[in-house]
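Summary of structural features
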Amino acid sequence: MLWGLGGVFVLVLGAWVLWTGLDGASTQIEARDIGHTIIDEHSVSVTFEVSLPVNRTASCAVQALNESYSVVGWKIIDLPPSTLYNRSFTEILRTTDLSNTGLIYQCWLT
């Protein structure tokens with residue numbers, strides 16, 4: 001009985017390790033804020049760097065916040081495939097109010 005239970009445990013553990021650790025579909029993407037420039041009351045320039053697998057496409061959400069940390073600008077940017085792992089981007093966001101920052105919100109593989 002214990003040998004059978006131990007065998008089931010080893011099978012489940014092995015399947016979990018293969019699914020989580022060796023699965024090529026679980027590739028990582030990283031995004032870092034580089035800086036922002038307030039252009040005027042209704043726009044901000046946001047510069048960020050993205051590290052993603054070579055020849056993969058991704059999308060990133062960029063946002064602008066005001067001094068109350070309310071979102072006053074939002075934009076989804078589609079990143080084309082590239083042979084480079086690290087890439088920098090600068091996007092201009094239109095805002096509904098004066099922002100005091102612009103930053104990357106999230107990136108994901110597409």
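Preceding block: the structure.
A short tour of the structure in this document, coming up.

Each value, and the rule that gives it
Residues numbered from 1 in each chain as written. Predicted model: local features only at pLDDT ≥ 70, side-chain atom pairs only at ≥ 80, totals over all residues. Heavy atoms only, no water. Pairing = 2+ DSSP bridges. Helix = DSSP H or I, 4+ residues; strand = E, 2+ residues; numbered from the N terminus. Axes fitted to C-alpha atoms, helices over the stretch in contact; angles between N-to-C directions. Buried < 20%, exposed > 50% of the residue type's maximum accessible area, 1.4 Å probe, protein only. Salt bridge = Lys/Arg side-chain N within 4 Å of Asp/Glu carboxyl O. Core = buried A, V, L, I, M, F, W, Y, C linked by side-chain atoms within 4.5 Å. Contact = heavy atoms within 4.5 Å.

**Some points on the sheet that holds strand β5 (residues 86-94)**
Within a sheet, each strand pairs with its neighbour through backbone hydrogen bonds, oriented either parallel or antiparallel. The strand order β1-β2-β5 describes an open sheet built from three strands, whose pairing is antiparallel. The two strands at the open ends of the sheet, each matched to only one other strand, are β1 (30-40) and β5. Averaged over neighbouring strand pairs, the angle between their axes works out to 20° when direction is ignored. Bridge count between strand β2 (residues 43-51) and β5: nine bridges; the pairing is antiparallel. Looking across to β5, one finds that phenylalanine 48 is bridged to phenylalanine 89.

**A short note on the pairing of strand β3 (residues 58-65)**
Burial of β3 is extensive: eight of the eight residues sit out of reach of the surface. Going residue by residue along β3, you find Ala58, Cys60, Val62 and Ala64 tucked away on one face and Ser59, Ala61, Gln63 and Leu65 tucked away on the opposite face as well. One ladder, built from eight bridges, connects β3 with strand β4 (residues 71-79); its direction is antiparallel. Opposite cysteine 60, over in β4, you have isoleucine 77 as the bridge partner.

**Notes on the pattern of salt bridges**
Counting across every chain of the model gives three salt bridges. One salt bridge connects glutamate 30 with arginine 32, and the closest N-O pair in it is separated by 3.3 Å. Glutamate 30 gets classed as partly exposed once you look at its relative accessible area, which sits at 44%. In this structure, arginine 32 and glutamate 49 form a salt bridge, with 2.7 Å as the shortest nitrogen-oxygen distance. One end of the pair, arginine 32, is in strand β1; the other, glutamate 49, is in strand β2, and 17 residues separate them in sequence. Taking relative accessible area as the criterion, arginine 32 reaches 29% and is therefore assigned partly exposed. Through salt bridges with shared partners, a single ionic network connects Glu30, Arg32 and Glu49.

**Thoughts on the nonpolar core**
Judged by nonpolar contacts, the single largest core of 16 residues is most densely connected at Phe48, Val50, Cys60, Val62 and Leu79. Of all elements in the fold, only β2, β3, β4, β5 and β6 (101-109) reach the threshold of two or more residues within this core. When near neighbours in sequence (up to four residues on either side) are disregarded, phenylalanine 48 contacts Arg32, Asp33, Ile34, Cys60, Val62, Arg87, Ser88, Phe89, Glu91 and Ile104.

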